[in-house]
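Next come the chains, spelled out residue by residue.
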Amino acid sequence: LQTGATREKPRTPKKVGGFLEFVIILTVAFALVFGFVRPFVLEAFRIPSESMVPTLEVGDRVFVNKFIYRFTEPERGDIVVFESVNGGEEDLIKRVVALPGDSVAVRGEVLSVNGEPQNEPYLNRQIPDDSFFGPSRLSEGEVFVMGDNRANSADSRVFGPLPIENIEGEAFVRFWPVPKIEFL
């Protein structure tokens, strides 16, 4: 051996193999998240309009459970994201207020389901709603959806009952903005 000479360490296959393994794991994780989780299980959704004020504000972001309605039917009070009935490109978000077989009517600020006025503490009462709808009975496979900001919401009063097949999922948590994080 010569003194003062430095010996280069040979590159070990373990380091190259570790990096390659990391890249493969990262690729598989991205494929699972964007190829399976997003289309079928969970998706983030941005609130596009004021129709759900005060519950949800324009620009809020929610997570939507896209898996739940494969095992259960929507219930009154669920906040759902759905494909527009009118063929619009943007998904909409509203609250389910009536179910298949229910009779629904709206007289001003009073929603009646099966002849019973509903208690709706989540409504925006700052803007009076003078709408008039129904009574109308829902068929099998339909729900009636309305925004919480009734005076500023194009909902089932405008486009009619929503086919359950159009529902993409249930909004279950607001995650943005951070100070307003909450389960819905």
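These numbers come from a predicted model, not from an experiment.

Draft legend 1. Representation of the pairing of strand β11 (residues 167-176) within the structure. In terms of burial, β11 is a largely internal element, 7 of the 10 residues being buried. Pairing of strand β2 (residues 61-65) with β11, which is carried by 5 bridges, proceeds in the antiparallel orientation. Opposite Phe63, over in β11, you have Val173 as the bridge partner. With 3 bridges connecting them, strand β3 (residues 79-82) and β11 associate as antiparallel partners.

Draft legend 2. Summary view of the nonpolar core. Ranked by size, the top nonpolar core spans 11 residues in total: Tyr69, Val80, Phe82, Val96, Leu99, Val143, Val145, Phe159, Leu162, Ile164 and Ile167. For this core, the secondary structure elements donating two or more residues are β3 and β9 (142-146). Beyond its immediate chain neighbours, meaning those up to four positions away, Phe159 contacts Phe82, Val85, Asn86, Leu92, Val145 and Ala154.

Draft legend 3. The arrangement of the packing of aromatic side chains in detail. Under the counting rule described, the total for this entry stands at 4 aromatic pairs. On the basis of an interplanar angle of 65° and a centroid distance of 5.1 Å, the ring pair of Phe67 and Phe71 is categorised as edge-to-face. Looking at Phe67, the relative accessible area reads 34%, which means it is partly exposed. Phe71 gets classed as exposed once you look at its relative accessible area, which sits at 65%. When the ring of Phe133 is compared with that of Phe144, the centres are 5.0 Å apart and the planes differ by 45°; the resulting orientation is tilted. Remark: Phe144 occurs in strand β9 and Phe133 occurs in strand β8 (residues 132-137); sequence separation between them is 11 residues. What makes Phe133 buried here is its relative accessible area of 17%.

About the cut-offs
Residues numbered from 1 in each chain as written. Predicted model: local features only at pLDDT ≥ 70, side-chain atom pairs only at ≥ 80, totals over all residues. Heavy atoms only, no water. Buried < 20%, exposed > 50% of the residue type's maximum accessible area, 1.4 Å probe, protein only. Helix = DSSP H or I, 4+ residues; strand = E, 2+ residues; numbered from the N terminus. Pairing = 2+ DSSP bridges. Core = buried A, V, L, I, M, F, W, Y, C linked by side-chain atoms within 4.5 Å. Contact = heavy atoms within 4.5 Å. Phe/Tyr/Trp six-rings, centres within 6.5 Å; stacked < 30°, edge-to-face > 60°.

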